[in-house]
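Results of the structural survey
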Amino acid sequence: MVRTVGTTARGIRAPIIKEGDDIVDIVVNSVLNSAKCENYEIKDRDVIGITESLVARAQGNYATIDQIAKDINNKFKGDIGIIFPILSRNRFSIILKAIAMTEKKIYLVLNYPSDEEGNSLMDIDKMDELGLNPYTDVISEEKYRELFGEVVAHPFTGVDYVRMYKDLAVNDNIEIILSNDPRTILQYTAEVLVANIHERKRTKRILKNAGAKTVYGLDDILSTSVDGSGYNPEYGLLGSNLSTNTRLKLFPKDCQYYVDEIQRKIKEATGKHVEVMIYGDGAFKDPVGKIWELADPVVSPGYTDGLRGTPNEIKLKYLADTDLKNLSGEEMKEAMKNKIKEKNENLVGKAESLGTTPRQLTDLLGSLCDLTSGSGDKGTPIVHIQGYFDNYATE
């Protein structure tokens, strides 16, 4: 039979997960039931992706704003500087709400013209017209309003994030400054909470070298349990999401156990060796809204060994235009298959791999999972991918 399909991704419906549920059995049973009902086979090297929220909810990995506030009070003694948080109702607002509850003075430094994820605070063209230099200029909240007006709404959410964050203050204890130099905060306080995600290590290093007295990151808050709270020993509050107005869900912990167990149980049930990963946000950027999707610290906090590394692929169109340009039809087809079968195990720097995507397999697969499952009401938090490791020469 001639093969006509390459990679396929299926969103798998699952029960609504509650704290204490056996997530391993639920995932395995959901995949097996889907294969039976939809009449497809589980195959070797299939990939099963599970959204991180399922695991965290089953773990009961939650924390309240009171528990966050207590950890903040344990780590900071005086005024707090918070630098470079993302602009998010779902991610950072409840964390700021918790910190404000301590009634400590908060100096909140925001990146501009946009945060680390691309969420905008101002029109970049107007910034240029006003002669603002984002590398050097520090803007007070008052100056920001004078230059850009009372309402600078996010293009998608319609939210004025400066106003929203300011309104979380307790007894007016939040002062907002716009700057892209982390050392700006040291003009206000020597105790700093680093709130950016992907550049957090560099930001911490710069602050410590500049003389900051106390430096923690969001990854250091709730890295252990506080009064019975959930926690994440590696990421702390990074990757957390709003659960209710007074509670958030943390990034899941102990992920390796879950992926290994799901892999083992699928093997027991089907005899097939599948790969398994837990995924959060995909790693891609919206070209219209300019927003980078990845607000989690990593795309995948846990995956089986077969998902390590990067793709090792050759570029078919490159070969079609160069080495095989004088061939056509079946001759071209067979020659291309032979090129694939004979390719080196490591194509880094080779001409035939030019234009392929040099990214981690987990980032690529996690992005595919994220796009397939969606973040709303699709009800498919498990994704089954087939054929990802096949190629044009696979029969």
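For the structure, see preceding data.
Residues numbered from 1 in each chain as written. Predicted model: local features only at pLDDT ≥ 70, side-chain atom pairs only at ≥ 80, totals over all residues. Heavy atoms only, no water.

1. Let's talk about the overall build of the protein chain
What counts, and what does not: A helix here means a DSSP run of H or I that spans at least four residues, while a strand means a run of E at least two residues long, and both kinds are numbered starting from the N terminus. Partly exposed describes any residue whose relative accessible area lies between the buried limit of under 20% and the exposed limit of over 50%, with all areas from a 1.4 Å probe on protein chains only and scaled to the type maximum. Every residue pair with non-hydrogen atoms within 4.5 Å of one another is taken to be in contact. Values of accessible area rely on a 1.4 Å probe in the Shrake-Rupley scheme; residue burial ignores everything except the protein chains shown. Asp and Glu count as negative and Lys and Arg as positive, but His and the ends of the chain are not part of the count. Charged groups are reduced to one reference atom each: NZ for lysine, CZ for arginine, CG for aspartic acid, CD for glutamic acid.
Counting its regular elements, the protein chain contains 12 helices and 14 strands. Principal axes of the C-alpha set define a box for the protein chain whose edges measure 75 × 50 × 40 Å. The burial tally for the protein chain puts 49% of its 395 residues in the buried class. Intrachain contacts of the protein chain at a sequence separation of at least 6 include 71% that bridge at least 24 residues. Carbon and sulfur atoms provide 46% of the accessible area of the protein chain, an area that totals close to 19200 Å². Looking at charge distribution, the protein chain has the averaged site of its 50 positive side-chain charges lying 2 Å from that of its 60 negative ones.

2. Some details on the sheet that holds strand E10 (residues 241–244)
Paired through their backbone hydrogen bonds, the strands of a sheet run either parallel or antiparallel. Condition: When DSSP finds two or more bridges between a pair of strands, those strands are recorded as paired. Axis angles are defined between N-to-C directions and span 0 to 180 degrees, where every axis is a line fitted to C-alpha atoms and, for a helix, only to the segment in contact.
Taken in spatial order, the three strands line up as E3-E11-E10 in an open sheet, and their pairing is antiparallel. Among the strands making up the open sheet, the edge pair consists of strand E3 (62–64) and E10. Each neighbouring strand pair of the sheet contributes to a mean axis angle of 35°, computed without reference to strand direction. With three bridges connecting them, E10 and strand E11 (residues 247–249) associate as antiparallel partners. Bridge pairing links Thr-244 to Arg-247 in E11.

3. As for the pattern of salt bridges
Convention followed: One speaks of a salt bridge when a side-chain nitrogen belonging to Lys or Arg is within 4 Å of a carboxyl oxygen belonging to Asp or Glu.
Across all of its chains, the model carries 17 salt bridges by this definition. A salt bridge links Glu-146 to Lys-143, with the nearest nitrogen and oxygen atoms 3.3 Å apart. Placement of both Glu-146 and Lys-143 in helix H6 (residues 141–148) is noted, with a separation of three residues, approximately one turn of the helix. The class for Glu-146 is exposed, based on a relative accessible area of 59%. A residue is classified by how much of its surface remains accessible, and Lys-143, at 36% relative accessible area, is partly exposed.

4. What to know about the sheet that holds strand E5 (residues 106–110)
Strand order in the open sheet formed by six strands is E6-E7-E5-E4-E8-E9, and the pairing between neighbours is mixed. Each having just a single partner strand, strand E6 (139–140) and strand E9 (214–217) make up the two edges of the open sheet. Sheet topology places strand E8 (residues 191–194) next to E9; four bridges connect them, and they run parallel. Looking at the pairing, Val-192 lines up with Val-215 of E9. Here helix H4 (residues 93–100) sits on the sheet and contacts strand E4 (80–83), E5, strand E7 (174–178) and E8; the angle it forms with E5, its principal contact strand, is near 155°.

5. Topic: the packing of aromatic side chains
Heads up, the condition is: Any Phe, Tyr or Trp ring, taking Trp's six-membered ring, that has another such ring centre within 6.5 Å forms a pair; planes under 30 degrees apart are called stacked, those over 60 apart edge-to-face, and the others tilted.
In this structure the tally under the stated criterion is eight aromatic pairs. Each ring, one from Tyr-388 and one from Phe-389, has its centre 5.5 Å from the other, and the planes form 85°; the classification is edge-to-face. Taking relative accessible area as the criterion, Tyr-388 reaches 19% and is therefore assigned buried. For Phe-389, a relative accessible area of 24% translates into the label partly exposed. Connected via pairs of aromatic rings, a cluster forms that spans Phe-92, Tyr-161 and Tyr-165.

6. Some thoughts on helix H11 (residues 329–341)
What counts, and what does not: To estimate how far a helix should extend, the number of its residues minus one is multiplied by 1.5 Å.
The terminal C-alpha atoms of H11, which comprises 13 residues, lie 19 Å apart, in line with the 18 Å expected from a rise of 1.5 Å per residue. What H11 keeps buried is the set Met-332, Ala-335, Met-336, Lys-337 and Ile-340.

7. Points about the nonpolar core
Applied cut-off: Throughout, nonpolar core names a set of buried Ala, Val, Leu, Ile, Met, Phe, Trp, Tyr and Cys residues whose side chains join them through atoms within 4.5 Å.
Membership of the largest hydrophobic core comes to 50 residues, with the highest contact counts inside it found for Ile-82, Leu-108, Tyr-165 and Leu-193. Only helix H3 (65–75), E4, H4, E5, H6, helix H7 (161–166) and E7 provide two or more residues apiece to this core. Excluding residues that lie within four positions of it along the chain, Leu-108 makes contacts with Ile-82, Pro-85, Phe-92, Leu-96, Tyr-165, Ile-174, Glu-175, Ile-176 and Ile-177. The next biggest cluster of nonpolar side chains, apart from the first, holds 26 residues, and it includes Val-31, Leu-54, Val-55 and Ile-266.

8. Some words on the environment of Arg-3
Along the chain, Arg-3 falls in the segment before strand E1 (8–12). Along the primary structure Arg-3 and Tyr-231 are separated by 228 residues, whereas in three dimensions their C-alpha atoms are 47 Å apart. Apart from the residues lying within four places of it in its own chain, the contact partners of Arg-3 are Gly-387, Asp-390, Thr-394 and Glu-395.

9. Some words on the environment of Tyr-188
Structurally, Tyr-188 is set in the loop between E7 and E8. When the C-alpha positions of Tyr-188 and Ile-266 are compared, they lie 56 Å apart, and in sequence the two are 78 residues distant.

10. Re the side chain of Thr-102
Selection rule: Identification of polar contacts relies on pairs of N or O atoms within 3.5 Å, with a donor-acceptor requirement for protein atoms, meaning one able to donate a hydrogen and the other able to accept it, and with residues adjacent in sequence counted only if both atoms are side-chain atoms.
Structurally, Thr-102 is set in the loop between H4 and E5. Side-chain polar atoms of Thr-102 contact the backbone oxygen of Ile-99, separated by 2.6 Å. Beyond its immediate chain neighbours, meaning those up to four positions away, Thr-102 contacts Ala-69, Ile-72 and Asn-73.

11. Let's talk about the packing of helix H1 (residues 23–38) against helix H9 (residues 255–270)
Applicable threshold: Throughout this description, any angle smaller than 35 degrees is read as roughly parallel, any larger than 145 degrees as roughly antiparallel, any in the 65 to 115 degree range as roughly perpendicular, and the remainder as oblique. Crossings are sorted by hand: turned counterclockwise from the far helix by less than a right angle, the near helix makes the crossing left-handed, and turned clockwise it makes it right-handed. In this classification, Asp, Glu, Lys and Arg are treated as charged, Ala, Val, Leu, Ile, Met, Phe, Trp, Tyr, Cys and Pro as nonpolar, and every other residue, Gly included, as polar.
Look at H1 against H9: their axes get within 9 Å of each other, and the N-to-C directions meet at 40°. In terms of axis orientation, H1 runs oblique to H9. Between H1 and H9 lies a crossing of right-handed hand. Counted together, Ile-23, Val-24, Asp-25, Val-27, Val-28 and Leu-32 of H1 and Tyr-258, Glu-261, Ile-262, Lys-265, Ile-266, Ala-269 and Thr-270 of H9 form the full contact between these two elements. Looking at side-chain class alone, the contact of H1 with H9 contains nine nonpolar, one polar and three charged residues.

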